[in-house]
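One-letter residues, chain by chain:
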Amino acid sequence: MGTSKLRKTYHIWYNVALSDCIIGDSCVDIHNGMCIGQDVLKTKAGSRVEIGANTCIDRGSCASVTFEYFPVA
């Protein structure tokens, strides 16, 4: 298993699996049953995101995966 970094996160619910990932500031909720990372390359969740229940976010095949909050103007 790899190393995960969690910054200021408000709620992490039960049955959550984190591996080789970085979770940004003010991540609102990481809901139950969620898996993030799980393989060799990094997965990065930016600031101000919410990750829904039973979501799986895996790493990319040749680069790290990054997802962030982008406000709609």
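The text that follows walks through the structure, step by step, so that each part is easy to find. (Residues numbered from 1 in each chain as written. Predicted model: local features only at pLDDT ≥ 70, side-chain atom pairs only at ≥ 80, totals over all residues. Heavy atoms only, no water.)

## Brief notes about the nonpolar core
Argument step 1. Of all hydrophobic cores here, the largest spans 10 residues; its members are Cys21, Ile23, Cys27, Ile30, Met34, Ile36, Ala45, Val49, Ile51 and Ile57.
Argument step 2. Discounting residues that sit within four places of it in the chain, Ala45 has contacts with Ile22, Ile23, Gly24, Ile51 and Phe67. (Core = buried A, V, L, I, M, F, W, Y, C linked by side-chain atoms within 4.5 Å. Buried < 20%, exposed > 50% of the residue type's maximum accessible area, 1.4 Å probe, protein only. Contact = heavy atoms within 4.5 Å.)

## Here we look at unusual backbone geometry
Residues apart from glycine generally show negative phi values, whereas peptide bonds are mostly found in trans.
Argument step 1. Here Asn15, not a glycine, exhibits a phi torsion of approximately 60°, which is positive.
Argument step 2. Within the secondary structure, Asn15 is located in the loop between strand 2 (9-12) and strand 3 (17-19).
Argument step 3. Of note in this structure, Asn54 is not a glycine but carries a positive phi near 55°. (Helix = DSSP H or I, 4+ residues; strand = E, 2+ residues; numbered from the N terminus.)

## Focus: the sheet that holds strand 9 (residues 65-67)
Argument step 1. Spatially, 1-4-7-9 is the arrangement adopted by the 4 strands of the open sheet, whose pairing is parallel. Single-partner strands in this sheet number two, and they are strand 1 (5-6) and strand 9.
Argument step 2. Looking at chain direction, strand 4 (residues 21-23) and strand 7 (residues 43-45) are connected through 3 bridges and run parallel. Its bridge partner lying in strand 7, Ile23 is registered against Ala45. (Pairing = 2+ DSSP bridges.)

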